[in-house]
Amino acid sequence: MSEKTKRYFLSEEEIPRYWYNILAEMPVKPLPPLNPATREPLKPEDLYPVFAEELCRQELNSSDAWIEIPDEVREKYKYYRSTPLVRAYGLEAALGTPAHIYFKNESVSPMGSHKLNSALAQAYYCRKEGVTNVTTETGAGQWGASMAYAARLFGLEAAVYQVKVSYEQKPYRRSMMQTFGAQVTPSPSMSTRAGKDILTANPHHQGSLGTAISEAIELARTTPGCKYTLGSVLNHVALHQTVIGLEAEKQMALAGEYPDMVIACFGGGSNFGGIAFPFMRHNLKGASSTRFIAAEPASCPKLTCGEFRYDFGDEAGYTPLLPMFTLGHDFTPPNVHAGGLRYHGAGVIVSQLLKDGLMEAVDVEQIESFDAGVLFARSEGIIPAPESCHAIAATIREAAKCRETGEEKVILFCLSGHGLVDMASYDKYLAGDLVNYAYKGR
Ligand SMILES: *Cc1c(COP(=O)(O)O)cnc(C)c1O
């Protein structure tokens, strides 16, 4: 009997040297983001007061398909990359499916999720441009922890606004951020104009990514030497995350397979875009016909129930107007445990791809997501982040179809993070205390 390979790795040399910018190769380019004051298409300069300049240029770059990863960022990637590509033999057996299931394990990053891939890049460009302080928002704390660590590595001070309900429910990610020296404030807070307005209108506001983004942007705009950073949604964030899919492409080749389906959970679209776009480029050239499936929570279903229109990325309306699938920028999602998926909108690129039928979206109820996460934990030995459980649930649905039809489809999903700091959520699930939240607009 020949031995089976469980995990595939790349050498340091093989870690990608370029990120892939799908914007340059999309058949239908997205509508331009608009300056909310003038309603004119946004220019990179319009974003300079808020973001590092190189990130503004990346955001609007629709001509270069490949953007070089700076050596300083690649050096940091070597601390945890390549991340393993894993054949989920245990899950396949538990499901009795003929499908070949692979996952890209981003949970091995020091912060436990894919978020560090972009945090390192953003902190690097801020440092290079002479910025001294960065500010950001965070939900479950995955992005905040990654930014806190990346800021520390590049010698920047970090101030993080954390969604209030997560700040209270997920105290250990707050401790992680503080361990790396970041200042953490629950949002909405009384420390900004936006926070005061939100709290005056609704004193019991639990916070959302939208409120935290408003507060962080306001701090950046009103503080010299301070820039804002965002962990999802924007084009440049998905760009940095393509290191996931580019590695996975080489690793799938080592396994001698190519995915029929690529699946990822969906908050704003960065881990989805990160794993999907490098494979999608072959679909765009007609060289493959892989299906791309985004899995979102049924309680915050912007892709499956949202409207495609211009909307703000934050509660207060400080961001540019973005053409995207949205539930409305004042939508406060229910308090599900997948904090990283509680966002009202979807990235501009992904929204256009969905509109053009180049990808699909499914929604998953909270209890189904934990059912999937627990099955995965018991068969693969990794406790997934509540966010990642949505990708696993969608994978299990597809693997079950293969069981019916007997097809040996190849499924690749992104394990965006582990859940070791989210055990309070698992406690609730195991105690039978979790509920599903219906979305009222359905
Ligand atoms: C933030 C987060 C997500 C959702 O964000 P995307 O930008 O949609 O990837 C998913 N999984 C984990 C573990 C996260 O921390």
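In the block above lies the structure referred to throughout.
This is a predicted model, so every value here is computed, not measured. Within each chain, residue numbers correspond to sequence positions counted from 1 in written order. Only residues with pLDDT of at least 70 get local features here, since the model is predicted, and only at 80 or more are side-chain atom pairs given and counted; chain-wide, interface and lining totals rely on the full set of residues. Derived side-chain values reflect all non-hydrogen atoms in the structure, with water molecules and hydrogen atoms excluded from consideration.

(A) Representation of the pairing of strand β11 (residues 291-297). Relative accessibility thresholds used throughout: buried, under 20% of the residue-type maximum; exposed, over 50%; partly exposed, between the two (1.4 Å probe, protein chains only). Under the scheme used here, helices are H or I runs from DSSP no shorter than 4 residues and strands are E runs no shorter than 2 residues, and both carry numbers assigned from the N terminus. Judged by how many residues are buried, β11 sits mostly within the fold: six of seven residues are covered. What makes two strands pair is DSSP finding at least two bridges between them. Direction of pairing for strand β10 (residues 261-265) relative to β11: parallel, over a ladder of five bridges. When the bridges of β11 are listed, I263 appears paired with I293. Of the pairings in the sheet, the one linking β11 to strand β14 (residues 360-364) comprises five bridges and is parallel in character. Counted as the bridge partner of I293 is E360 from β14.

(B) Helix α12 (residues 270-284), seen in detail. In a helix, the anticipated span is given by 1.5 Å times the number of residues less one. End to end, α12 covers 19 Å across 15 residues, agreeing with the expected 21 Å (1.5 Å per residue, within 8%). Each residue is assigned a bend, namely the angle between axes fitted to the seven residues that terminate at it and the seven residues that start at it. The sharpest bend along α12 reaches about 45° and sits at F277, with the proline P278 one to four residues further on. By the criterion of burial, α12 is predominantly enclosed, with 14 of the 15 residues buried. Backbone geometry just downstream of α12 places G286 in the positive-phi region, at approximately 75°.

(C) Region of the structure containing the side chain of E218. Considering the arrangement of structural elements, one finds E218 in helix α10 (residues 209-222). When charges are counted, neither His nor the chain ends are considered; positive counts come from Lys and Arg and negative counts from Asp and Glu. For salt bridges, the criterion is a side-chain nitrogen of Lys or Arg within 4 Å of an Asp or Glu carboxyl oxygen. Buried within the structure, E218 lacks any salt-bridge partner; its nearest side chain of opposite charge belongs to R193, at an N-O separation of 6.4 Å. Throughout this description, a polar contact denotes any pair of N or O atoms lying within 3.5 Å of each other; where both atoms belong to protein, one of them has to be capable of donating a hydrogen while the other can accept it, and for residues adjacent in sequence the pair is counted only when both atoms sit in side chains. Side-chain polar atoms of E218 contact the side chain of Y318, separated by 2.8 Å. Residues are treated as being in contact if the distance between any of their heavy atoms lies within 4.5 Å. Ignoring any residue separated from it by four or fewer positions in sequence, one finds E218 in contact with T192, R193, A194 and Y318.

(D) Quick look at the sheet that holds strand β7 (residues 157-163). With parallel pairing, four strands are arranged side by side in an open sheet as β8-β7-β6-β9. Both outer strands of the open sheet, β8 (183-187) and β9 (226-228), are each paired with one neighbouring strand and no more. In this sheet, neighbouring strand axes are inclined to one another by 25° on average, regardless of whether the strands run parallel or antiparallel. Two elements, strand β6 (residues 133-138) and β7, share six bridges in a ladder whose sense is parallel. What sits directly across from N133, in β7, is E157. Lying on the sheet, helix α6 (residues 142-153) is in contact with β6 and β7; it crosses β6 at an angle near 165°. The convention used is that axes are lines fitted to C-alpha atoms, helices contributing only their stretch in contact, and that angles between N-to-C directions extend from 0 to 180 degrees.

(E) Inspection of the site of the ligand at higher detail. It suffices for a single heavy atom of a residue to lie within 4 Å of a molecule or strand for the residue to be listed as near it. Taken together, the neighbourhood of the ligand is formed by 18 residues, with K115, S232, G267, S270 and S416 sitting nearest. Between an oxygen atom of the ligand and a side-chain N or O atom of H114, the distance comes to 3.1 Å. One of the backbone N or O atoms of G268 is found 3.0 Å from an oxygen atom in the ligand. Computed with the Shrake-Rupley method and a 1.4 Å probe, the accessible areas treat only the protein chains shown as cover for residues. In isolation the ligand offers 380 Å² of accessible surface; the protein chains occlude 97% of this area. Residues are grouped as follows: Ala, Val, Leu, Ile, Met, Phe, Trp, Tyr, Cys and Pro are nonpolar; Asp, Glu, Lys and Arg are charged; all remaining types, including Gly, are polar. For the shell around the ligand, the class distribution of residues is four nonpolar, twelve polar and two charged.

(F) Layout of the packing of helix α9 (residues 193-201) against α10. Look at α9 against α10: their axes get within 8 Å of each other, and the N-to-C directions meet at 145°. Residues R193, A194, G195 and I198 of α9 lie in contact with α10, whose contacting residues are T211, S214, E215 and E218. Grouping the amino acids of the contact of α9 with α10 by side-chain chemistry returns two nonpolar, three polar and three charged.

(G) Layout of helix α5 (residues 116-128). In this model, α5 (13 residues) spans 18 Å end to end at C-alpha, consistent with the 18 Å of a helix rising 1.5 Å per residue. With eleven of 13 residues buried, α5 is to be regarded as a mostly interior element. Of all the residues in α5, the buried ones are L116, N117, S118, A119, L120, A121, Q122, A123, Y124, Y125 and C126. The first or second residue beyond α5 is G130, which carries a positive phi of 85°.

(H) Structural view of the nonpolar core. Remark: nonpolar core denotes a set of buried residues (Ala, Val, Leu, Ile, Met, Phe, Trp, Tyr, Cys) joined through side-chain atoms within 4.5 Å. Counting 37 residues, the largest nonpolar core has F272, F277, M359 and L412 as the members making the most contacts within it. At the level of secondary structure, the elements contributing two or more residues to this core comprise α11 (235-255), β10, α12, β11, α14 (348-355) and β15 (410-415). Grouped together as the second largest cluster of nonpolar side chains are 36 residues, Y77, M111, A145 and A182 included.

(I) How the structure looks around the state of the cysteines. Put simply, a disulfide is two cysteine sulfurs that come within 2.5 Å. Enumeration according to the criterion identifies zero disulfides in this entry. C265 provides the cysteine sulfur closest to C389, a residue in no disulfide bond, and the two sulfurs are 9.1 Å apart. Since its relative accessible area comes to 0%, C389 is described here as buried.

(J) Here's a closer look at the pattern of salt bridges. Across all of its chains, the model carries 21 salt bridges by this definition. Among the salt bridges present, the one from E247 reaches K104, with a minimum N-O distance of 2.7 Å. You can see E247 sitting in helix α11 and its partner K104 sitting in strand β5 (residues 100-105), a full 143 residues away along the chain. Taken individually, E247 and K104 each receive the classification buried, so the pair is uniform in this respect. Notably, a salt bridge pairs R281 with E249, separated by 2.9 Å at the nearest N-O pair. A residue pair is termed long-range when its members are at least 10 positions apart, and R281 in helix α12 and E249 in helix α11 qualify at 32 residues. Three or more residues joined by partner-sharing salt bridges are found here, namely R81, K104, E106 and E247.

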